[in-house]
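Structural description and commentary
Chain by chain, the residues run as shown.
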Amino acid sequence: MRSVLRRLRDQLTHSAQELDAEQLQTRCDDLGTTQISQVQDRAMVEVSGTVRNLTVPSRGQVPALAAELFDGSGALSVVWLGRREIHGIECGVYLRAYGRVSMRRGMPTIFNPSYEILPRGARGPHGD
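Read on for an overview of the structure. Note that the structure is a prediction, hence the values are computed from the model and not measured.

Right, let's get into the overall build of the protein. Counting its regular elements, the protein contains one helix and six strands. Sequence separation of at least 24 residues holds for 56% of the intrachain contacts in the protein that already meet a minimum separation of 6. When the accessible surface of the protein is split by element, carbon and sulfur atoms take 50% of a total near 8200 Å².

For the rest of this paragraph, the subject is the pairing of strand β4 (residues 94–104). The pairing of strand β1 (residues 44–55) with β4 spans seven bridges and is antiparallel. Residue pairing in the sheet places Glu46 in a bridge with Tyr98 of β4. Examined bridge by bridge, β4 and strand β6 (residues 114–118) share five bridges and lie antiparallel to one another. Bridging from a neighbouring strand, Arg96 pairs with Glu116 of β6.

Within this structure, the stated rule accounts for three salt bridges. For Glu46, the salt bridge identified is with Arg96, shortest N-O distance 3.6 Å. One end of the pair, Glu46, is in strand β1; the other, Arg96, is in strand β4, and 50 residues separate them in sequence. Glu46 gets classed as partly exposed once you look at its relative accessible area, which sits at 31%. Where Arg52 meets Glu68, a salt bridge forms, and the shortest distance between an N and an O atom there is 3.0 Å. Remark: Glu68 occurs in strand β2 (residues 64–70) and Arg52 occurs in strand β1; sequence separation between them is 16 residues. Judged by its relative accessible area of 17%, Glu68 falls in the buried class. Counted as one network, the salt bridges with shared partners bring together Glu46, Arg96 and Glu116.

For the rest of this paragraph, the subject is unusual backbone geometry. The phi dihedral of Arg42 falls on the positive side, at around 75°, and the residue is not glycine. Within the element layout of this structure, Arg42 appears in the loop between α1 (2–31) and β1. Non-glycine residue Asn112 carries a positive phi angle of around 45°. Structurally, Asn112 can be placed in the loop between β5 (107–111) and β6.

Calculation criteria
- Residues numbered from 1 in each chain as written.
- Predicted model: local features only at pLDDT ≥ 70, side-chain atom pairs only at ≥ 80, totals over all residues.
- Heavy atoms only, no water.
- Helix = DSSP H or I, 4+ residues; strand = E, 2+ residues; numbered from the N terminus.
- Contact = heavy atoms within 4.5 Å.
- Areas by Shrake-Rupley, 256 points an atom, 1.4 Å probe, with all protein chains shown as cover.
- Pairing = 2+ DSSP bridges.
- Salt bridge = Lys/Arg side-chain N within 4 Å of Asp/Glu carboxyl O.
- Buried < 20%, exposed > 50% of the residue type's maximum accessible area, 1.4 Å probe, protein only.

Following this line, the structure appears as structure tokens:
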């Protein structure tokens with residue numbers, strides 16, 4: 001009985017995660033940004049997504065704020081060198097970032113991107 005309930009819970013949770021990913025992909029398409037799964041090394045891209053994780057190195061290391069951006073198709077790291085925090089950048093925030101992609105430990109990364117924090121209900125560039 002327990003395994004049946006566990007499988008049902010996993011299916012419901014997985015479906016909710018899939019729905020969230022699909023909604024994020026649709027939002028990125030509405031904004032006209034590149035899907036993260038499609039970015040290529042050394043390309044200039046504009047991506048958008050939700051900040052899932054923030055990482056700040058310990059006090060003894062060079063300051064750098066790293067955020068994982070997820071758009072439903074994949075994840076990308078955005079790193080602001082010389083910063084320990086940026087007002088408004090926190091988990092759950094939706095943002096658009098622009099810069100050159102470089103592969104860092106197998107993860108697409110944009111260093112010191114231009115960025116815009118978007119309101120939760122933001123649509124495409126023409127309000128569509």
